[in-house]
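Each chain, letter by letter, is given below.
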Amino acid sequence: MKTTRQIFSFIAILTATTATIPAQQNTGGGTVLFETLYAAPNGNSDAPGTPAEPLSLSAVRQRLRSKSAGKSNLAVVLLDGTYELDEPLVFTNDMDGDAANTVVWGAENPGAAILSGARTLKLKWTPVPGRPGLFQADTPPGLKPFDQLYVNGAPQILARYPNHNPAAKYLNGTARDATDAARAARWKKPAGGFVHALHRGHWGDFHYAITGKTPENKLILEGGWGNNRPEQGPHRDHRFVEGIFEELDAPGEWFHDAATRTLYYQPPADIDLATATTSVPQLETLVHITGTRDNPVRNLRLIGFTYKHTLRTFMKKREPLQRSDWCVHRGGAILIENAENCVIANSTLTLLGGNAICVNNYNRNITLSGNHIHDIGANGILFVGDATAARSPLYHYSKTQSLETMDKTPGPKNDNYPSNCRVADTLITRIGVVEKQSAGVNIDLSSRITLSHCTIANVPRAGINIGSGTWGGHRIEHCDIFDTVRETGDHGSFNSWGRDRFWYPDRRITNRNVAAHPDMPYWDVTEEITIDHNRWRCDHGWDIDLDDGSSRYRITNNLCLNGGIKLREGYGRIVENNITVNNGFHPHCWYAQSNDIVRRNIFFKNYAPSHMGKEWGRELDFNIIHRHGVTDPVPATELQERSRKDQHSIAADARFLSPEKGDYRVAPDSPAAKLGFVNFPMDNFGVTSPRLRALAPAVKLPDHTTAVSDATAGNRRSDATRTWQKARIKNIVGLGERSAAGLMEETGVWLVGDTAKSKFLARYGARDGDVLLRWNNVTITSVEELLAAEKTTPAPSSIHVWRNQQMVQLNIK
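Please read all numbers here as calculations on a predicted model, not as lab measurements.

**Some remarks on unusual backbone geometry**
That bond from Tyr-161 to Pro-162 is cis: its omega, -5°, falls within 30 degrees of zero. Within the secondary structure layout, Pro-162 lies in the loop between β13 (160-161) and α3 (181-184). In the segment running from Thr-470 into Trp-471, the intervening peptide bond is cis, with an omega of 0°. Note that Trp-471 resides in the loop between β37 (464-466) and β38 (475-477). For Asn-341, which is not glycine, the phi dihedral falls at a positive 55°. Take Asn-341: it is sitting in the loop between β27 (334-340) and β28 (343-345). A positive phi angle is found at Gln-805, which is not glycine, with a value near 60°. Its place among the elements puts Gln-805 in the loop between β63 (798-803) and β64 (806-811). Residue Gln-805 is classed as buried on the basis of its relative accessible area, which comes to 8%.

The following block contains the structure:
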């Protein structure tokens, strides 16, 4: 058995690796002396709290309160075992430290003390008559409703249609008829089941509770509030139902009849129910750190635990986050509110139904370090502030307000938001198992959040998402983000929105207001957001995607391995010294006088603009298009033709040192170096600790030696621009144009330019940038269909166009 001194030393080492130890706590040899208590799953409430006679968790908390924890360094050591919590472990300001002292809760052996929200059930299984392979058992009274089942520690499948298919691209299997009346006719009592569906445009997802069905077998649903772009509705094909008894027909599926307290289960062939352990989650939150604004929890450190088994929370995700596409549930397995200088470190968070960690409202100097977060229902880590801290907030894409009624004061209205927090050396994989509008790390209504040396992979949407500009100062550095946007679309490994006070869906209004108030774009994003020295790869979108309004970003020294860099409309962005392997730069819908700078980058492709006007920022120059094997530099005429800038940009072989190994540094005599490109390290991305490096997946390196094709190559739709009615038109082709237009699908005819010259289109009030979708009642998906409709009806009474991400009917004047 370890001695007390050894335990103290172990905790001191863990503490030293995650935060600075105040000098007054140091003793000879660097050991911090702690008064200590021990706890065990079978601890006794009246034990002395020694390793041989440990306390129970509840007794430890009572003992700490009686000791007035803030007056001395205290350590609580949890011995190995599973602690099935009856209620969340709550840390209040009478159980914390103070400016001179620290309270540390640590596992005796890292990862071996498990905090679980599940309850183990003692069940007697019997076969279900007439259903070979199906078993049933009575569940004990007093169980709270549960939506997950663990057998031998592994999650099982709530009865669903279609059956679970891990190889399916979306939602582990979807079916168009999942909610049809013909299917529902088979279900005797569907109430209590759920419908899950992707957004029509793959912008996240929707969730509904089934409350019943009509005599015509139409499902009665409640929900759909988990996505802040609900007007487009759920996808017709990509949906499934679960929690339906009649759909229990595959190994691993289960169903619980709460009315009769009967659990049904069809075990796989390798599970012996006679010896299997069965557990169900009963808690949403395992640890709640909660102080008050006047007296926050201070200097508390939780180190080395495993957190498991919490309830799913998708039906609680109701609060819209400003005008981003997100709604949020302010909860998590670890919930931190009103805290300062607290640490969660060297822990594992897994098999959790909602968010793993939520840092909610007022928090300062929270450190999350050395953690492994995987197999999570929603977000890995969520930083979110109080909406009352935002000035003149709005809560949907389409909502606007006049400049006259707007609060014009820069910065937040109060301090009820996270700030100066840090996530470091953190591995996040397989999050968003349930909720697809999720991220490895999501930041909203916060300031000065730093993400450093994080590895994030295998996620359904963004690895890192910043939901609004409020209030900037964030820093993302040395991260490795890849295998993203796996189940959604029109997104990136990094994604952001900036629909702050200056932003209007109609860019003409924004241009006019900012011309009168040049500092308006920075009223909310008061400090620059830095994305520096990271590696990104997205195979289903952009590597870095700055969407609507994202402003005041500095993007430097990033290695982008597949999706390139996209900047939609915004202000004051600097894109410098980046490499976009097998891709390039995607400017969309820029404002006049955006003051954007794009320089000294190595691109592999020509610019891919969409809905761009004549003004392309302040400076685009000294860029190089990499052309493998081209030894003599030539002017980058393709860049110059599109930007009408890039006077010094060139096309040539960048002379990478070892790209087959992922080393894209350039040789000293590289043409890129002569333009001012500066090498940055290629071996310093992602997690750093040996434990996490051994667990982290590896990014797939690209092959850059083959010829780089145009972004629209392989499209069956023509990408040619032609003149029609004196206006320039073309098909919407590719993700870039679809995204710029805000379309759900690759469809319609884009009015590219010169619309004002067309007397015909003037009669309808059409504008440059409109996408024509209907001609009277005829759907228009392509230029060919437009010309055919015109022959039939030369002057329709109305046309429908997609404008500012909504359908607009234009009647003939």
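The discussion continues.
**Looking at the side chain of His-207**
Within the fold, His-207 resides in strand β15 (residues 205-213). Judged by relative accessible area, which is 4%, His-207 ranks as buried. Here His-196 takes part through its side chain, which lies 2.7 Å from a polar atom of the side chain of His-207. Engagement of the side chain of His-207 in a polar contact is seen with the side chain of Asp-205, the distance being 3.0 Å. Not counting chain neighbours up to four residues away, the residues in contact with His-207 comprise Val-195, His-196, Glu-222, Gly-223, Gly-224, Phe-314, Met-315, Val-434 and Glu-435.

**So, the pattern of salt bridges**
Tallying each qualifying case throughout the model produces 45 salt bridges. A salt bridge links Asp-506 to Arg-508; the shortest N-O distance between them is 3.0 Å. The class of Asp-506 is buried, set by a relative accessible area of 14%. The class for Arg-508 is partly exposed, based on a relative accessible area of 46%. A salt bridge links Glu-638 to Arg-627; its shortest N-O distance comes to 3.2 Å. On the criterion of sequence distance, the pair formed by Glu-638 in helix α5 (residues 637-643) and Arg-627 in the loop between β53 (624-626) and β54 (634-635) is long-range, its members being 11 residues apart.

**Structural notes on helix α8 (residues 734-741)**
Within α8, 7 of the 8 residues are buried, which leaves the element mostly enclosed by the surrounding structure. Along α8, the positions that sit buried rather than exposed are Gly-734, Gly-736, Glu-737, Arg-738, Ser-739, Ala-740 and Ala-741. Elements that come into contact with the buried residues of α8 comprise β43 (542-546), β46 (565-567), β59 (727-731), β60 (749-753), β61 (771-775) and β63. Following α8 by one or two positions, Gly-742 has its phi on the positive side, about 75°.

Calculation criteria
- Residues numbered from 1 in each chain as written.
- Predicted model: local features only at pLDDT ≥ 70, side-chain atom pairs only at ≥ 80, totals over all residues.
- Heavy atoms only, no water.
- Helix = DSSP H or I, 4+ residues; strand = E, 2+ residues; numbered from the N terminus.
- Buried < 20%, exposed > 50% of the residue type's maximum accessible area, 1.4 Å probe, protein only.
- Polar contact = N/O pair within 3.5 Å; in protein donor to acceptor, adjacent residues only side chain to side chain.
- Contact = heavy atoms within 4.5 Å.
- Salt bridge = Lys/Arg side-chain N within 4 Å of Asp/Glu carboxyl O.

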